[in-house]
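Chain by chain, the residues run as shown.
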Amino acid sequence: MKKTINILLILFLAFLLSSCFGSNNDDQINQAKKELWVIEWDNDSWSNIWLPDEVQTDSDSLAENESEKQVEKIVINPISDEQFLELDDLSSVDLSKAEIEISGKTLTHVDKIIITYENTESTFPIDVYTLQQFSAWSKTFLYRAFSKYKTFDYGRNVYTIEAYSGDQVSKMELVINYPKQEEKDLEQKVEQVSVQISKDILPTWWSYGNPIELWNAKITYSDLKWLEIENYTFSELTCENLSATISEKLDWWFYWNTCRPIATDKWLSFFVVRLDWDKYYYEKHYYISEKWIYWVQELESWVWVTRETLWEKNTELKVKNSEYPILKASDDLFNEIVK
């Protein structure tokens, strides 16, 4: 029996070798031998053999998983040869908070800093912002990459930082990778800070009455005439950058006075006089950054003010700030919502 098997094996080999001989294909000969286990598989051959689809898929998945593990969360790439800025260490930052403070120091005189944010996977893919609190010769700078400001999201967040010094510009790229598997954590964070304003979540009280929904997605109150509350987000609003920041919302000429920050980076209030065609409006504005709530309480309006005399009107009205009875109820409502 054993002799018969050996004969058959020899005949089969002879057939294979003869069919391969005509093409002088050593690879086919070795393949035939290996399939019959006449010669052993070596490491090099094993790495080149065909694997079934399911095995190959598993191998690819392992490679992809390994590649994902190797993605660095924080990457800094200098773009220009000369660098005017040095970033502070971000290695220990907690990305799950969705609030990344990008800070650093200047290495030479810098006139201004512009940061361009991009994330092709995000619903808010691009933003260009000039740092408002940075002035020429400042030694440090700060940029808030916050989800609520639409400058941070899951995926690949790219910040191109341009520092201008005279007619020279230095550029660097900061990449913050926030893995997609952490998307759920970020969505929960965003949900906490972006509660949609509605009359159902607002308080009622005898001094300001009941909330009433308006047609333009804003809310007013029954006993607060000319009050409008809405969801609105400024990239960064402080008393220092007030003029530049609120100009994005106030299209006409305006002046402001008496800015009061209440709880740093949480909320503030200020008075504004603005022109709207041939009429001026004097208002008190309130902003709660934590809840994305912005509202305006109109105090008075009239004519006979021009662009040239608006500054004088602002000075005149500032003296009257404490004389508007409606502000007591409006301030009470604001304090209640802030809680």
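The structure this text deals with has already been given above.
Residues numbered from 1 in each chain as written. Predicted model: local features only at pLDDT ≥ 70, side-chain atom pairs only at ≥ 80, totals over all residues. Heavy atoms only, no water.

Colleague: Explain the sheet that holds strand β1 (residues 74–78) here, please?
Modeller: The strands making up a sheet are joined through hydrogen bonds of the backbone, oriented either antiparallel or parallel. The antiparallel open sheet is built from five strands, whose spatial order is β1-β8-β7-β4-β5. One side of each edge strand has no neighbouring strand; the edge strands of this open sheet are β1 and β5 (126–130). On average, each strand axis in the sheet is tilted by 15° relative to the strand beside it, whichever way the strands run. In this structure, β1 lies alongside strand β8 (residues 168–178), joined through five bridges in antiparallel fashion. Each residue of the ladder has a partner; that of N77, found in β8, is E173. (Pairing = 2+ DSSP bridges. Helix = DSSP H or I, 4+ residues; strand = E, 2+ residues; numbered from the N terminus. Axes fitted to C-alpha atoms, helices over the stretch in contact; angles between N-to-C directions.)

Colleague: Got a minute to help me understand empty space enclosed by the protein in this structure?
Modeller: To find leftover empty space, a probe the size of one water molecule is rolled over the atoms. Throughout the structure, instances matching the rule amount to two cavities of 30 Å³ or more. Roughly 70 Å³ of volume is contained in the largest cavity. As for the largest cavity, its lining consists of D127, Y129, L131, Y143, R144, Y149, T151, S235 and E236. Every element with two or more residues in the lining of the largest cavity is listed here: β5 and β6 (140–146). (1 Å grid on protein atoms, 1.4 Å probe; cavity = no way out; pocket = protein on both sides within 12 Å on 5 of 7 lines; lining within 4 Å. Points joined across faces, edges and corners; volume = space filled by probe spheres on them.)

Colleague: Explain the layout of surface pockets here, please?
Modeller: Considering only enclosed or pocket space, the largest pocket measures out at about 470 Å³ in volume. If you trace the largest pocket, you find 22 residues lining it, with K218, E228, R274, E283 and V296 closest to the centre. Sorting the residues of the lining of the largest pocket by element identifies β11 (224–231), β13 (267–276), β14 (279–288) and β15 (293–302) as the ones contributing at least two each. No other element matches β11, which puts six residues into the lining of the largest pocket. Along the lines of polarity and charge, the residues of the lining of the largest pocket split into nine nonpolar, three polar and 10 charged. (Nonpolar A, V, L, I, M, F, W, Y, C, P; charged D, E, K, R; others polar.)

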